[in-house]
Amino acid sequence: MRLLPAVGKKATQKVAIADHDGVLTCFGMKKGEAVSVFKTLPGPKIARMDLGGAIGTPQEKIFVCSGSQVRGFTKKGKQFLTFEANLTENINAMHVSGADLFVCASYIYNHYCDCKDQDYFLSGDKINDIICLSSEKLLRLTPVLACQDRILRVLQGSELAYDIEIPGPPSVLELYNKDGGDEILYGTTDGKIGLVQIGDHSAGIKWEIDNNKRKGGVLCIDTYDIIGDGVNDILVGRDDGTVEVFGFDNSGESTLRFEHVLSESVTSIQGGCVGKESYDELLTSTYTGWVTGLTTEPQKTEAGPGDEVRMSKETQSKIETLRAELEQLQVKVLQGREQYQQISQSNTAVSAVPVFSINDKFTLSQDDASYSLTLEVQTAIDNLLLQVYAQPNGNFLLATYRCQANTTRMELKVRSIEGQYGTLQAYVTPRLQPKTCQVRQYQIKPLSLHQRTHSIDPDRPMNQLNLVGQFSFAEIHSWVVFCLPEVPEKTPAGESITFYFYNTFLGTQLEATYSKGEGHFKSDNISTISILTDVLSKEATKKKINLNISYDINDDSVSHTLRMIHPKLEYQLVLARKVQLVDALKELQVHEGNADFLIPEYRSILDESANLLEEYKKQPAHLERLYGMITDLFIDKFKFKGQNVKTKVSSLLEILDNYELKSLLDFFNEP
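Residues numbered from 1 in each chain as written. Predicted model: local features only at pLDDT ≥ 70, side-chain atom pairs only at ≥ 80, totals over all residues. Heavy atoms only, no water.

Undergrad: Can you walk me through helix H4 (residues 556-592) in this structure?
TA: The α-helix advances 3.6 residues per turn, and as a result positions three or four apart in sequence lie on the same side. Taking 1.5 Å per residue, 37 residues should reach 54 Å; H4 reaches 53 Å between its end C-alpha atoms and fits that length. At His 566, H4 shows its largest bend, some 35°, and a proline, Pro 567, comes one to four positions later. (Helix = DSSP H or I, 4+ residues; strand = E, 2+ residues; numbered from the N terminus. Expected span 1.5 Å × (residues − 1). Bend = angle between axes of the 7 residues up to and from the residue.)

What follows is the structure, given as structure tokens:
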């Protein structure tokens, strides 16, 4: 969705919106009613839309892309351009600047000027968005690619000028100043926002807003002075339906000025004047096609006798119109159902499977080292069935969720255990007739809790796994893709590659360097090396490739990993003990009439009981996960020495139940 520039100072703006049915609609608002300007015929799904026009003139031409084709429309709806980019993949990002058109498919960037090829670039990871800067401070048009590997790539012609590391996978880019300038805003899939200043040879991150409250990923950003203080505010739309407005105080610090939550993911956000002259609005579009306006116009209510609130005539009129529309829709639905029943009972009836689309996301949250599965359907969900088939145990989970009426969006948390890998299958059944179901599959990788990072600590004690064999670069890359999240499926350019990862639960790290015929994997966690050894051996065996495997085990790494686990384990044990005491202390308090006789430690447990129980509830099985990881570490340490110590696990668990770091380290060091 985009707002077309206003014609005249006080005029309201028109709204252009494109959808998955391939329809481009333009409308304005008059007396609270949507008035259509034009509407195109359905066609292939429209992936992106941008506004353009000659440099220095109002940007009122509408450009849309479907597949590998770009079309241009005037503000009246007349098509003036059809351009076939001849890409092998569909366009998923586009930017228009004057006669320059910038398009991106999964890994490919193309620049056209007056529809003629100019530049081409092959990215190292998937491209999620593109923006182009034109500024007096920059010597030329500067395209910036937002790539899945947490990098913004700044291009110069067909070459990479430099790249910028950011704290999350970027999902969207937006110019901070729409009239030009060298600053761009980014939003990430894990909910962070930042401002980057782009130069010819380097860039600097000016500020970042963290996602401490664990809101949804950022899907769209716009800048507009909706507060009216002369400074552009940042408008943010998230995939959990949250709409936010960030402003800036006198010191330049960002502050959250406004927040509103919609029931669906926000696909577009724009600031402008649409419904009423002189009153700015924040406009959003959502996944199923709702367009919502949040206005700065004061909403008047009149207090009558007995403090009853009377609605204005305008509001009453709106409600009556909506009721009439609702009644018409209900009649249409009843007629449709009757018609369907009649057809289905005839001898020549053929049941047509209703088509519906699912907006889904399966991402690792680094805050609590769990996976978040989000499913959004364009119609109400009836039920959801989850099944996990994991190696080596077979069926691991089977769960069914029945939904309340009008549930179109669900979010679930899934905890994984490293070393146990397989497929999570989601069977989604909407409230449609005839009953139909779609299945979505999500891979849970052997090292599922690992996340890509830009660098690692070289001073940690590291274990190393070395592989040598008759395998190609593409083959070993496919094995790494199978083992680890966030690795691009496309084989990297060049002869070798290095990736860095860290474990979101423990904070341990992994370095993977490989090329044709050899691979080297370093980690400060011996269990990570053990899992890689098992999985890579199995993958090579499937291809009938002989591997020469060697290890370089550093005994100091085990005590290092235990020391990293120590604060987490100690915290969870203390939390569990406090929670166990809550009921008994409450009983004592009731019996004695007050808690004054208790020692300060117990009084503080009572005072914080609600928070303690809430935190414990949020982290079920956290302690068991830590116990499991320590047990695996113990078994793996001695496995590399050729010893089976599974009989000693019960003794290890006893030590954990009466935990002290020194006694645990001593137990691990016993022969």
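Undergrad: Is there a simple way to think about the packing of helix H7 (residues 622-639) against helix H9 (residues 661-669) in this case?
TA: Close contact between H7 and H9 brings their axes to 10 Å; oriented N to C, the two are set at 30°. Relative to H9, the element H7 lies roughly parallel. The residues of H9 that touch H7, namely those facing Ile 630, Leu 633, Phe 634, Lys 637 and Phe 638, are Leu 664, Phe 667, Phe 668 and Asn 669. Here the contact of H7 with H9 is composed, by residue class, of 7 nonpolar, 1 polar and 1 charged. (Axes fitted to C-alpha atoms, helices over the stretch in contact; angles between N-to-C directions. Parallel < 35°, antiparallel > 145°, perpendicular 65-115°, else oblique. Contact = heavy atoms within 4.5 Å. Nonpolar A, V, L, I, M, F, W, Y, C, P; charged D, E, K, R; others polar.)

Undergrad: I keep staring at the layout of surface pockets and nothing clicks. Help me out?
TA: Over the atoms a probe the size of a water molecule is rolled, and this reveals where empty space is left. Here the second largest pocket is characterised by a volume of approximately 590 Å³. Forming the boundary of the second largest pocket are 33 residues, of which Arg 415, Ser 416, Ile 417, Glu 418 and Gln 420 lie nearest the centre. If one sorts the elements of the lining of the second largest pocket by residue count, H7 sits on top with 6 residues. Considered class by class, the residues forming the lining of the second largest pocket number 18 nonpolar, 9 polar and 6 charged. (1 Å grid on protein atoms, 1.4 Å probe; cavity = no way out; pocket = protein on both sides within 12 Å on 5 of 7 lines; lining within 4 Å. Points joined across faces, edges and corners; volume = space filled by probe spheres on them.)

Undergrad: So what exactly am I meant to see when it comes to a nonpolar patch on the surface here?
TA: A contiguous nonpolar patch, built from Phe 396, Leu 397 and Ile 417 and spanning about 270 Å² of accessible area, is present on the exposed surface. Along the chain, Leu 397 turns up in strand S33 (residues 394-402). By relative accessible area, Leu 397 is classed as partly exposed at 36%. (Patch = residues over 30% accessible without salt bridge, like charges linked within 9 Å, V, L, I, M, F, W, Y side chains within 5 Å. Areas by Shrake-Rupley, 256 points an atom, 1.4 Å probe, with all protein chains shown as cover. Salt bridge = Lys/Arg side-chain N within 4 Å of Asp/Glu carboxyl O. Buried < 20%, exposed > 50% of the residue type's maximum accessible area, 1.4 Å probe, protein only.)

Undergrad: Can you help me understand the packing of helix H3 (residues 526-542) against H7 in this one?
TA: Relative placement of two packed helices is described by the angle separating their axes and the distance separating the axes. It is at 9 Å that the axes of H3 and H7 come closest, and there the two elements cross at 65°. Classified by the angle between their axes, H3 and H7 sit roughly perpendicular to one another. The handedness of the crossing between H3 and H7 comes out as left-handed. On H7, the residues touching Ile 526, Ser 527, Ser 530 and Asp 534 of H3 are Asp 632, Leu 633, Asp 636, Lys 637 and Lys 639. Looking at the contact of H3 with H7 residue by residue, the classes come out as 2 nonpolar, 2 polar and 5 charged. (Left-handed = near helix turned anticlockwise from the far one by under 90°.)

Undergrad: So what exactly am I meant to see when it comes to the side chain of Gln 451 here?
TA: With respect to the secondary-structure elements, Gln 451 resides in strand S37 (residues 450-453). Here the side chain of Gln 451 touches Arg 150 through a polar contact of 3.4 Å, side chain to side chain. (Polar contact = N/O pair within 3.5 Å; in protein donor to acceptor, adjacent residues only side chain to side chain.)

Undergrad: I would appreciate a short explanation of the environment of Gly 419 in the present structure.
TA: Here Gly 419 shows up in the loop between strand S34 (409-414) and strand S35 (421-430). When the C-alpha atoms of Gly 419 and Leu 573 are compared, they prove to be 25 Å apart, with 154 residues separating the residues in sequence. Beyond its immediate stretch of four places on either side in the chain, Gly 419 contacts Gln 391, Pro 446 and Ile 531.

Undergrad: For this particular structure, what's the right way to read empty space enclosed by the protein?
TA: Going through the model one piece at a time under the given rule, you end up with 3 cavities of 30 Å³ or more. In this structure, the largest cavity occupies an estimated 50 Å³ of space. Lining the largest cavity we find 10 residues, and of these Arg 140, Thr 142, Leu 155, Gln 156 and Asp 200 sit closest to its centre. Elements with a minimum of two residues in the lining of the largest cavity: strand S15 (151-156) and strand S16 (159-165). Considering every element that reaches the lining of the largest cavity, the biggest residue donor is S15, with 3 residues.

Undergrad: Please clarify how the nonpolar core should be interpreted in this entry.
TA: A general tendency of soluble globular proteins is for nonpolar side chains to be buried together. Core analysis: the largest hydrophobic core is formed by 50 residues, its most contacted members being Leu 424, Leu 569, Ile 630, Leu 664 and Phe 668. When residues in this core are grouped by element, the largest group, 8 residues, is from H7. When residues no more than four places from it in sequence are discounted, the contact partners of Ile 630 are Leu 562, Ile 565, Leu 569, Leu 652, Leu 656, Leu 664 and Phe 668. (Core = buried A, V, L, I, M, F, W, Y, C linked by side-chain atoms within 4.5 Å.)

Undergrad: How do you make sense of the packing of aromatic side chains when you look at a structure like this?
TA: Geometrically, a pair of aromatic rings is defined through the distance of the ring centres and the angle of the planes. Counted according to the given criterion, the structure contains 15 aromatic pairs. An aromatic cluster is built from Phe 473, Phe 499, Phe 501 and Tyr 514, whose rings are joined through pairwise contacts. Over the face of the ring belonging to Tyr 107 we find Lys 490, whose NZ or CZ atom lies 5.9 Å from the ring centre. Of note, Lys 542 hangs over the ring of Phe 482, and the distance from its end group to the ring centre comes to 5.7 Å. (Phe/Tyr/Trp six-rings, centres within 6.5 Å; stacked < 30°, edge-to-face > 60°. Lys NZ or Arg CZ within 6 Å of the ring centre and 35° of its normal.)

Undergrad: Whenever I open this one, the pattern of salt bridges confuses me. Can you help?
TA: Two side chains bearing opposite charge may form a pair once their charged atoms approach each other closely. Throughout the structure, instances matching the rule amount to 25 salt bridges. Of the charged contacts in the structure, one is a salt bridge between Asp 382 and Arg 431, with a shortest N-O distance of 3.6 Å. With Asp 382 in strand S32 (residues 381-391) and Arg 431 in the loop between S35 and strand S36 (438-444), the pair connects residues that are 49 residues apart, well separated along the chain. Note on Arg 431: relative accessible area 39%, which makes it partly exposed.

Undergrad: Explanation requested: the pairing of strand S38 (residues 463-469) in the structure shown.
TA: Walk down a regular strand and you will see the side chains alternate between the two sheet faces. Summarising burial for S38: 6 of the 7 residues are buried, a large majority. The sheet contact formed by S38 and strand S41 (residues 518-523) spans 6 bridges and is antiparallel. When the sheet's bridge partners are listed, Leu 465 is paired in S41 with Phe 521. Looking at chain direction, S38 and strand S42 (residues 547-552) are connected through 6 bridges and run antiparallel. Paired with Leu 465 across the bridge in S42 is Tyr 551. (Pairing = 2+ DSSP bridges.)

Undergrad: For this particular structure, what's the right way to read the sheet that holds S32?
TA: Each strand in a sheet pairs with its neighbour through backbone hydrogen bonds, running either in the same direction (parallel) or in the opposite one (antiparallel). Reading across from one edge, S33-S32-S35-S36 is the order of the 4 strands in this open sheet, with antiparallel pairing throughout. Pairing within the sheet leaves two strands with one partner each, and these edge strands are S33 and S36. The sheet shows a mean angle of 15° between the axes of neighbouring strands, direction not considered. In this sheet, S36 lies alongside S35 in antiparallel orientation, the contact comprising 7 bridges. Along S36, the bridge assignment pairs Ala 426 with Arg 440.

Undergrad: Looking at this structure, how should I read the state of the cysteines?
TA: Linking two cysteines covalently through their sulfur atoms gives a disulfide. Counted according to the given criterion, the structure contains 0 disulfides. Cys 437 takes part in no disulfide bond, and the closest cysteine sulfur to it belongs to Cys 403, at a distance of 12 Å. Residue Cys 437 is classed as partly exposed on the basis of its relative accessible area, which comes to 39%. (Disulfide = S-S within 2.5 Å.)

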